[in-house]
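Take a look at the letters that make up each chain.
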Amino acid sequence: MSIAQLDQRQVILFDLDGTLVDSATDLFRSMNMSLNVLNFPLVTEAQVRNWVGKGTAIFCQSVLDYLTAGNVDPAEHQQLLETFLRIYNAEPCVETQPFPGIVDFLQWAKQQGKILVCVTNKPEEPAREILDVLGLSSYFDDVIGGDRFAERKPHPRQLLYCVEHYQVQKEQVLMIGDSSNDVEAARRAGVDCIVVSYGYNHGENILDCQPQLVVDDLTELLI
């Protein structure tokens, strides 16, 4: 577990969906409600788990690609995106739960005086609400949503902001995520990245993006 080097890290960055929390059931519910409003056929939760992981716009694109056999009307994509965000943002945390080991790891990191930041492509408002509802907000020094800056992961902007804002060296920062977006953002930012095996990676094998380390449970890093 040498890549973790937790004793040398001052700032730990966490992705949200698929890393900290299992939100796929709520994403599935909101997507089918949205499709119903727009008179589209419904999709399955298994399909949704394969389509999430790279942001809401790509999620909506993937759904429409499937439903229209790749003939997506840009206006319909915009309509689905707006409808989904309205429905999901109104109730983002009905069945969403932290993954096993997450609370234990956050408690340990906070006790060690680490700065913890949630860095997600999800808009900031529902991201904060999920952490609030699950009682996780107190662990985090900041929640940086995908709407704070013009760029989002895999662009390194959010990660580089944390390096600058907390005035640390890149060697003192660790990114923990679950998708190629997280690996690529960390790579471009010049910070180390660990990924969890259980997350969402748009149906792709996380090993394909050659992460530095994959763990099944974050508490493995504490052994």
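The rules we used
- Residues numbered from 1 in each chain as written.
- Predicted model: local features only at pLDDT ≥ 70, side-chain atom pairs only at ≥ 80, totals over all residues.
- Heavy atoms only, no water.
- Phe/Tyr/Trp six-rings, centres within 6.5 Å; stacked < 30°, edge-to-face > 60°.
- Helix = DSSP H or I, 4+ residues; strand = E, 2+ residues; numbered from the N terminus.
- Buried < 20%, exposed > 50% of the residue type's maximum accessible area, 1.4 Å probe, protein only.
- Lys NZ or Arg CZ within 6 Å of the ring centre and 35° of its normal.
- Expected span 1.5 Å × (residues − 1).
- Polar contact = N/O pair within 3.5 Å; in protein donor to acceptor, adjacent residues only side chain to side chain.
- Contact = heavy atoms within 4.5 Å.

## Regarding the packing of aromatic side chains
Pairs of aromatic rings are described using the distance from one ring centre to the other and the angle between the two planes. Taken as a whole, this structure holds 8 aromatic pairs when the rule is applied. When the ring of F14 is compared with that of F140, the centres are 5.8 Å apart and the planes differ by 90°; the resulting orientation is edge-to-face. Of this pair, F14 sits in strand 1 (residues 11–14) while F140 sits in the loop between helix 6 (124–133) and strand 5 (142–144), and the two are 126 residues apart along the sequence. By relative accessible area, F14 is classed as buried at 0%. Arranged with centres 5.5 Å apart and planes meeting at 5°, the rings of F84 and Y88 form a pair that is stacked. With F84 and Y88 both in helix 4 (residues 74–90) and 4 residues apart, the pair spans about one turn of that helix. Accessibility expressed as a relative area gives 2% for Y88, which makes it buried. The side chain of R157 reaches across the aromatic face of F149, ending 4.1 Å from its centre.

## Points about helix 3 (residues 56–67)
Helix length check: helix 3, at 12 residues, gives a terminal C-alpha distance of 17 Å against a target of 16 Å (1.5 Å per residue), a fit within 8%. Of the residues making up helix 3, those classed as buried are T56, F59, C60, S62, V63 and L64.

## A word on the side chain of E124
Looking at the element boundaries, E124 is found in helix 6. Within the structure, the side chain of E124 is placed 3.0 Å from the backbone nitrogen of G145, a separation counted as a polar contact. Excluding anything up to four places from it in sequence, E124 contacts V143, I144, G145, D147 and R148.

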